[in-house]
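This is what each chain is made of:
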Amino acid sequence: MMYQRLTLLGVNLDVDPIEAGDSWWNEAANMVPRVGKMQRAQGYQEIYQTPLFGPTFLMATPQLGAPWWIYAGTSKLAVIDPAFNHADITPPELAQPVSENGWSGGNLNGIAVVNAVENPALYWYNGIPGGLAEPLPGLRDGTRYRIMRPFKYHLIGLNVVDPTGDYPDGVHWSDAADPGQVPASWVPTAENEAGDNFLADEQGQILDGLALRDAFYIYKQDSIYEMVYIGGNSVFGFRKVFGTTGVLTRNCVVRVKGTHMVLGNGDIYQHDGQNLTSLVDGRIRDAFFSTIDDASFTNSFVVYNEPTEEVWFCVPTAGQTRPN
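Being a predicted model, the structure only gives us computed values, none of them experimental. (Residues numbered from 1 in each chain as written. Predicted model: local features only at pLDDT ≥ 70, side-chain atom pairs only at ≥ 80, totals over all residues. Heavy atoms only, no water.)

Draft legend 1. Molecular detail of the pattern of salt bridges. In total, this model carries 11 salt bridges according to the counting rule given. The shortest N-O distance in the salt bridge between D166 and R146 comes to 3.2 Å. Placement of the pair is D166 in strand β15 (residues 165–173) and R146 in strand β13 (residues 144–151), with a sequence separation of 20 residues. A salt bridge links R285 to D267; the nearest nitrogen and oxygen atoms lie 3.8 Å apart. (Salt bridge = Lys/Arg side-chain N within 4 Å of Asp/Glu carboxyl O. Helix = DSSP H or I, 4+ residues; strand = E, 2+ residues; numbered from the N terminus.)

Draft legend 2. Molecular detail of the sheet that holds strand β10 (residues 111–115). With antiparallel pairing, 4 strands are arranged side by side in an open sheet as β9-β10-β11-β12. The outermost strands of the open sheet, each flanked by one partner alone, are β9 (104–108) and β12 (134–135). Bridge count between β10 and strand β11 (residues 122–124): 3 bridges; the pairing is antiparallel. The residue of β11 that forms the bridge with V113 is Y123. (Pairing = 2+ DSSP bridges.)

Draft legend 3. How the structure looks around the side chain of N299. Note that N299 resides in the loop between α2 (282–290) and β25 (301–305). If near-sequence neighbours (up to four positions away) are discounted, N299 is found in contact with E100, N101, T321 and P323. (Contact = heavy atoms within 4.5 Å.)

Draft legend 4. A look at a nonpolar patch on the surface. Taken together, the side chains of L8, V11, L13, W25 and M31 present a nonpolar region at the surface, about 410 Å² in accessible area. Relative to the elements of secondary structure, W25 occurs in strand β2 (residues 24–25). (Patch = residues over 30% accessible without salt bridge, like charges linked within 9 Å, V, L, I, M, F, W, Y side chains within 5 Å. Areas by Shrake-Rupley, 256 points an atom, 1.4 Å probe, with all protein chains shown as cover.)

Draft legend 5. Highlighting the pairing of β9. With respect to burial, β9 is a largely interior element, 4 of its 5 residues being buried. One ladder, built from 5 bridges, connects β9 with β10; its direction is antiparallel. Pairing of S104 across the sheet is with N115, part of β10. Linkage of β9 to β10, two consecutive antiparallel strands, is achieved through a turn of 2 residues, within which N109 is found at a positive phi near 55 degrees. (Buried < 20%, exposed > 50% of the residue type's maximum accessible area, 1.4 Å probe, protein only.)

Draft legend 6. Up close: the nonpolar core. Judged by nonpolar contacts, the single largest core of 32 residues is most densely connected at I70, L77, W103, V114, W124, L136 and M148. Mapped onto this core, the elements with two or more residues apiece are β5 (57–63), β6 (66–72), β7 (77–80), β10, β11, β13 and β14 (154–162). At 4 residues, β10 tops the list of elements feeding residues into this core. Ignoring any residue separated from it by four or fewer positions in sequence, one finds M148 in contact with S104, G105, V113, N115, A121, L136, L155, I156 and W186. (Core = buried A, V, L, I, M, F, W, Y, C linked by side-chain atoms within 4.5 Å.)

Draft legend 7. Representation of the environment of L139 in the model. Tracing the backbone shows L139 in the loop between β12 and β13. With a relative accessible area of 18%, L139 lands in the buried category. Separated by 27 residues in sequence, L139 and A112 place their C-alpha atoms 17 Å apart. L139 has contacts with P120, A121 and W186, leaving out every residue within four places of it along the chain.

Draft legend 8. Just the sheet that holds β13, in detail. On the basis of which strands lie adjacent, the open sheet formed by 4 strands has the order β13-β14-β15-β16 and antiparallel pairing. Edge strands, defined here as strands with exactly one partner in the open sheet, are β13 and β16 (195–198). Averaged over all pairs of adjacent strands, the angle between strand axes in this sheet comes to 25 degrees, irrespective of strand direction. Across 4 bridges, β15 lies against β16 in antiparallel orientation. The partner of V171 across the bridge, within β16, is N197. (Axes fitted to C-alpha atoms, helices over the stretch in contact; angles between N-to-C directions.)

The following block contains the structure:
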């Protein structure tokens, strides 16, 4: 009996299986690509025990060098300590239900900040008096943000909602925070660094933002802006760096070794603030984006798996609600 070793080139979803030949996979599920081969995806193991409620958001927060995790649901907030214990940290200010993909946040000065437009933004750290998360101080009256991210010593509020209306291209930033503290105020005065701006020269709403080296990049649907600290009366300077591409939805940008990896609105790409490179060719790009469910694409996300140096672009395919 004769055997032939096949040189498999990958998954080809565009060509009829009969015409593709023996060197292509025609379909793959629960498989992981490795150098020169495909292997079965590993299974899953519970490590943090059953959560206190159904989580829709998860964020790591290093507390004095130990890894803690914060998770949130539609009406609850909890933490997991390094010994795997769960604790409810829901404050009374979390009064309104939060949409499934409504949470955002980050770590500022070792303090975890979590935000949803339905409620005041919250902060938490290990040792906070009373143990519960607390509303950020000094917020503008009645003002909420659809996205909030940290940048150096400031917090950046994006896609603004205030008592006068919705401002999807609005940007607010807080005063600078002292080390180990959260900002004291978001109301601009001559004595602080709080301020605001509007990025209205390109259509589309602001969907996310993330720091990279000494700049903060703000993502719309089809454009990217750079925000840099300049001090003085302006505090921050803004410029549009790319006007033909943006991000698909929230939580679709990760920082990897001096670049941002982005699941865009029709492309997967990386950039360093100056150079932008697509990571997929036309055939793969078309196959990938044609499978995304039109109603649930806002549940997509990107994650950097640092131990394996992989970036995962996770989307729900047609008929699915969650990324599969």
